Amino acid sequence: MKITRRDFVANGPGSVKMVPVDSDDLWYAYNLIAPGDTVQSVTVRKVLREVASGGRDAERMKLKLEIKVEVAEYDKAGSVLRVRGKNIQENEYVKIGQFHTLEIEPHRPFVLRKACWDSLALDTLNRASDPAASADLAVVLMQEGLAHVILVGRSLTITRSRIEASIPRKHGPAIAGYEAALNKFFENVLQAFLKHVDFNVVRCAVIASPGFTKDQFHRHLLLEAERRQLRSIIENKSRIILVHTSSGYKHSLREVLDAPNVMNIIKDTKAAQEVQALKDFFNMLSNDPTRACYGPKHVEVAHERMAVQTLLITDELFRSADIPTRQKYVNFVNSVKDSGGTAHIFSSMHVSGEQLAQLTGIAAILRFPLPDLEDIEM
């Protein structure tokens, strides 16, 4: 995210002008924009104009509008953020109070004004504009006859392509058909790889599968790169890593992010810290369950007793339309940090955030055992 102007007071009012660069930045903007804020941007609106004949003609015009936000929606597939609200800026074509939906896309600047830039909003803004926070990985998750090309960003996990093929059995008279079908399948995966994997953006590409499928595809990829002189692959072959997983389905992405050789590459990023924190939580839950808890009530009681060492919470809890609820979680995170704990805010669109959301969206690793927590109703 490019921040072109900051004009605000911490825990007070102000505005920020920003330019989202990619879909990760749109996700950060979605988490920054709350009902009651105002957003100003260039937009296109159909307006009616009177013509000489006395009739009216509809025309699409480019306008600069500022709206008071009522609803914000993030479209993951289309990489667009839609912000709906009432116009508050006097305009020749749009009256004050008329509804309009602004579409914020990559490389389209906008100004966000808030009545209060709280600690969570400032933290989100700093993370969005920190270039070192990126964890861009390209993952080809595959097994014979099935492959997914997945991009893992700072906050988003996006499936760019799914390739399926019917592969005959390896034994008996079908052996010739097996080789041909496998080569055709690998060729389709290679085309998806070339289309979606940009080594100027991603830190590394991971090929993951059970058995030897990853090794076979890796060999095919390098041979074809040499044969066709595919410079992007030849020059970056040292950045292609092989990882073993239990399947080619998307749930195996967790195994890729846990792999030590992948962790070493993304270890300084927010995504890697979250994956590690979640791993530590599950280890504690299985080895010493009295030092791990989840669910709002249990975590709150644990914090009242100054027991929270590491807080894990999803950003979904901060997107409540109810401002007191949002403020409650902001204060809770601040309180944990003030008492010497660490807090990890997980993106609900990331694979680790999806896992945490299945555990109510909030969990904690404790400094000391609290065996009586189990007696408290969730």
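Residues numbered from 1 in each chain as written. Predicted model: local features only at pLDDT ≥ 70, side-chain atom pairs only at ≥ 80, totals over all residues. Heavy atoms only, no water.

**Thoughts on the packing of helix H9 (residues 296-304) against helix H10 (residues 323-338)**
Two elements in contact, H9 and H10, have axes whose closest approach is 11 Å; the angle formed by their N-to-C orientations is 40 degrees. Judged by the angle between their axes, H9 and H10 are oblique. Where H9 crosses over H10, the handedness of that crossing is left-handed. Note on element contacts: H10 touches H9 through Lys 328, Tyr 329, Phe 332, Ser 335 and Val 336, opposite Pro 296, Val 299, Glu 300 and His 303. The class makeup of the residues in the contact of H9 with H10 is 5 nonpolar, 2 polar and 2 charged. (Axes fitted to C-alpha atoms, helices over the stretch in contact; angles between N-to-C directions. Helix = DSSP H or I, 4+ residues; strand = E, 2+ residues; numbered from the N terminus. Parallel < 35°, antiparallel > 145°, perpendicular 65-115°, else oblique. Left-handed = near helix turned anticlockwise from the far one by under 90°. Contact = heavy atoms within 4.5 Å. Nonpolar A, V, L, I, M, F, W, Y, C, P; charged D, E, K, R; others polar.)

**Details of the packing of aromatic side chains**
Each aromatic ring pair is characterised by the separation of its centres together with the angle its planes make. Counted under the stated rule, the structure contains 9 aromatic pairs. Measuring from ring centre to ring centre gives 5.5 Å for Trp 27 and Tyr 74, while their planes differ by 70 degrees; the resulting arrangement is edge-to-face. A residue pair is termed long-range when its members are at least 10 positions apart, and Trp 27 in helix H1 (residues 23-32) and Tyr 74 in strand S4 (residues 56-75) qualify at 47 residues. Assigned by exposure class, Trp 27 and Tyr 74 land together as buried. The rings of Trp 27, Tyr 30 and Tyr 74 are connected pair by pair, giving a single aromatic cluster. We note Arg 84 situated over the ring of Phe 99; from NZ or CZ to the ring centre the distance is 4.4 Å. We note Lys 328 situated over the ring of Tyr 329; from NZ or CZ to the ring centre the distance is 5.2 Å. (Phe/Tyr/Trp six-rings, centres within 6.5 Å; stacked < 30°, edge-to-face > 60°. Buried < 20%, exposed > 50% of the residue type's maximum accessible area, 1.4 Å probe, protein only. Lys NZ or Arg CZ within 6 Å of the ring centre and 35° of its normal.)

**What about helix H8 (residues 270-287)?**
Since one α-helical turn is 3.6 residues long, residues separated by three or four positions face the same way. Spanning 18 residues, H8 covers 26 Å between terminal C-alpha atoms, matching the ideal 26 Å at 1.5 Å per step. Every buried residue of H8 is listed here: Lys 270, Ala 271, Ala 272, Glu 274, Val 275, Ala 277, Leu 278, Phe 281 and Met 284. (Expected span 1.5 Å × (residues − 1).)

**Remarks on the pairing of strand S7 (residues 110-114)**
Among the 5 residues in S7, 4 count as buried, and that is most of the element. Relative to S7, strand S2 (residues 14-19) is paired through 5 bridges, and the arrangement is antiparallel. What sits directly across from Lys 17, in S7, is Val 111. Strand direction decides the pairing type here: strand S3 (residues 38-50) and S7, joined by 4 bridges, are antiparallel. Looking at the pairing, Val 39 lines up with Leu 112 of S7. (Pairing = 2+ DSSP bridges.)

**Thoughts on the pairing of strand S6 (residues 99-104)**
Where burial is concerned, the two faces of S6 differ: the one with His 100, Leu 102 and Ile 104 is buried and the one with Phe 99, Thr 101 and Glu 103 is not. Relative to S6, strand S5 (residues 80-87) runs antiparallel, the two being bridged by 6 bridges. Bridged to Arg 84 within S6 is Thr 101.

**Focus on the packing of H1 against helix H2 (residues 119-128)**
Between H1 and H2, the least distance of the axes is 10 Å, while the angle of their chain directions is 170 degrees. Judged by the inter-axis angle, H1 sits roughly antiparallel to H2. Contacts between H1 and H2 involve Asp 25, Tyr 28, Asn 31 and Leu 32 from the first element and Ala 121, Thr 124, Leu 125, Arg 127 and Ala 128 from the second. Split into classes, the residues belonging to the contact of H1 with H2 amount to 5 nonpolar, 2 polar and 2 charged.

**Observations concerning the sheet that holds S2**
What the 7 strands build is an open sheet, ordered S1-S2-S7-S3-S4-S5-S6; its pairing is antiparallel. Since the sheet does not close on itself, it has two edges, and those belong to strand S1 (2-8) and S6, each with one partner. Strand-to-strand twist across the sheet, computed as the mean angle between neighbouring axes with direction ignored, equals 35 degrees. Packed onto the sheet, H2 meets S1, S2 and S7 and runs at close to 155 degrees relative to S1.

**Overview of the pattern of salt bridges**
Applying the stated criterion across every chain, the model contains 16 salt bridges. A salt bridge links Arg 113 to Glu 66; the nearest nitrogen and oxygen atoms lie 2.9 Å apart. Pair noted here: Arg 113 is in strand S7 and Glu 66 is in strand S4, with a separation of 47 residues, a long-range link. Judged by its relative accessible area of 33%, Arg 113 falls in the partly exposed class. The salt bridge partner of Lys 328 is Glu 300, with a shortest N-O separation of 3.5 Å. Separated by 28 residues along the polypeptide, Lys 328 in helix H10 and Glu 300 in helix H9 bring together distant segments of the chain. (Salt bridge = Lys/Arg side-chain N within 4 Å of Asp/Glu carboxyl O.)

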